Amino acid sequence: MGKVKVMIVNNQTEVKIPVGIRMLIRRCCHAVTEYEGFDDDFEVSVSFVDDKQIHQLNLEHRNIDRSTDVLSFPLGENGVYDKNYETGALLLGDIVISLETACRQAQIYGHSLERELGFLTVHSMLHLLGYDHEESSLQERIMREKEETILGSLGISRDTTFIGEHAHKE
């Protein structure tokens, strides 16, 4: 199994990053490459931003005039990736996550922020590896199955991360 280098940058001030989130992001990135059978070393960049920043990126890069939860910027195509010639690692690309949207979605879906950020990271990693759910409903189903399998292997499956009523009582 190759080495995993995940650079994480916090470019927002709206949401305090909970303890353990950086490790979770790294574990998710590693789990995806392991599941997909990567033997190479790789590098990926993850940035936390606010809704305003991701809205601007979505407009600039996708011509979509609204915020979103996550954006993926792959550096490879058809299984061929750029390489860091100093380290030999494959450069998979960049993941940009809106922490504001992730917090809202965790509440909407009734699960933990950890589950939401884990899902967004795994989802984006699959995009960096060439999967595209917008291509077809079959691709969407394949991605969703892979996402849930990988998250389950990390102990953050859909079934174990929902917040019960007791969590909302004061």
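Residues numbered from 1 in each chain as written. Predicted model: local features only at pLDDT ≥ 70, side-chain atom pairs only at ≥ 80, totals over all residues. Heavy atoms only, no water.

Section: the environment of G93
In plain terms, the rule: Helix and strand labels come from DSSP, where a helix needs a run of H or I of at least four residues and a strand needs a run of E of at least two; each type is numbered from the N terminus. Each residue is placed in one exposure class: buried if its accessible area under a 1.4 Å probe, protein chains only, is under 20% of its type's maximum, exposed if it is over 50%, and partly exposed if it falls in between. Residue contacts follow a heavy-atom distance rule, with two residues in contact if any of their heavy atoms lie within 4.5 Å.
You can see G93 is positioned in strand 6 (residues 90-98). Given the relative accessible area of 4%, G93 is considered buried. When the C-alpha positions of G93 and V9 are compared, they lie 14 Å apart, and in sequence the two are 84 residues distant. Residue contacts for G93: discarding those within four places in its chain leaves E43, V44, S45, F73, P74, L75 and L128.

Describing the layout of surface pockets
The cut-off we apply is this: A 1.4 Å probe that fits into a set of points on a 1 Å grid over the protein atoms alone but cannot get out defines a cavity; an open set with protein on both sides within 12 Å along at least five of seven lines defines a pocket, and lining residues are those with an atom within 4 Å of a point. Grid points are joined across faces, edges and corners, and a volume is the space filled by probe spheres set on the points. Put simply, Ala, Val, Leu, Ile, Met, Phe, Trp, Tyr, Cys and Pro go in the nonpolar bin, Asp, Glu, Lys and Arg in the charged bin, and everything else, Gly too, in the polar bin.
Space inside the largest pocket adds up to approximately 890 Å³. When the residues that make up the lining of the largest pocket are grouped by side-chain class, the tally is 14 nonpolar, twelve polar and 14 charged.

Considerations on the pattern of salt bridges
Here is the rule we go by: One speaks of a salt bridge when a side-chain nitrogen belonging to Lys or Arg is within 4 Å of a carboxyl oxygen belonging to Asp or Glu.
Here the structure, examined in full by the defined rule, presents five salt bridges. For R115, the salt bridge goes to E148, with nearest N and O atoms at 2.8 Å. Of this pair, R115 sits in helix 4 (residues 113-128) while E148 is found in helix 5 (residues 137-153), placing the two residues 33 residues apart along the sequence. Given the relative accessible area of 3%, R115 is considered buried. The partner of R144 in a salt bridge is E147, and the shortest N-O contact between them spans 2.8 Å.

What to know about the nonpolar core
Stated formally: Residues belong to one nonpolar core when they are buried, are Ala, Val, Leu, Ile, Met, Phe, Trp, Tyr or Cys, and are joined through side-chain atoms within 4.5 Å.
With 39 residues, the main nonpolar core has I25, F48 and M125 as its most contacted residues. Among the secondary structure elements, those contributing two or more residues to this core are strand 1 (4-10), helix 1 (21-35), strand 2 (42-49), strand 6, helix 3 (99-109), helix 4 and helix 5. Discounting residues that sit within four places of it in the chain, I25 has contacts with V6, I8, V46, F48, L117 and T121.

So, unusual backbone geometry
Of note, the phi angle at N63 is positive, near 60 degrees, even though the residue is not glycine. Inspection of the secondary structure assignment puts N63 in the loop between helix 2 (51-62) and strand 3 (70-74).

A look at the state of the cysteines
Among covalent bonds in proteins, the disulfide is the one between the sulfur atoms of two cysteines. To be explicit about the condition: What counts as a disulfide here is a pair of cysteine sulfur atoms lying within 2.5 Å.
For the coordinates displayed, the defined rule picks out zero disulfides. Between C28, a free cysteine, and C29, which holds the nearest cysteine sulfur, the sulfur-to-sulfur gap is 6.9 Å. Here C103 is not cross-linked by a disulfide; its sulfur's nearest cysteine counterpart is in C28, at 16 Å. Judged by relative accessible area, C103 falls into the partly exposed class, the value being 24%.

Some remarks on the confidence of the model for the protein
The test is simple: Within a predicted model, pLDDT stands for the predictor's per-residue confidence, ranging from 0 to 100.
Mean pLDDT over the protein works out to 89, with 92% of the residues at or above the 70 mark. pLDDT under 50 marks residues 161-170. Its contacts with residues more than four places away, or in other chains, come to twelve contacts.

Examining the environment of R66
Topologically, R66 is positioned in the loop between helix 2 and strand 3. Classification of R66 by relative accessible area gives partly exposed; the value is 46%. In contact with R66, not counting residues within four places along its chain, are H55 and N58.

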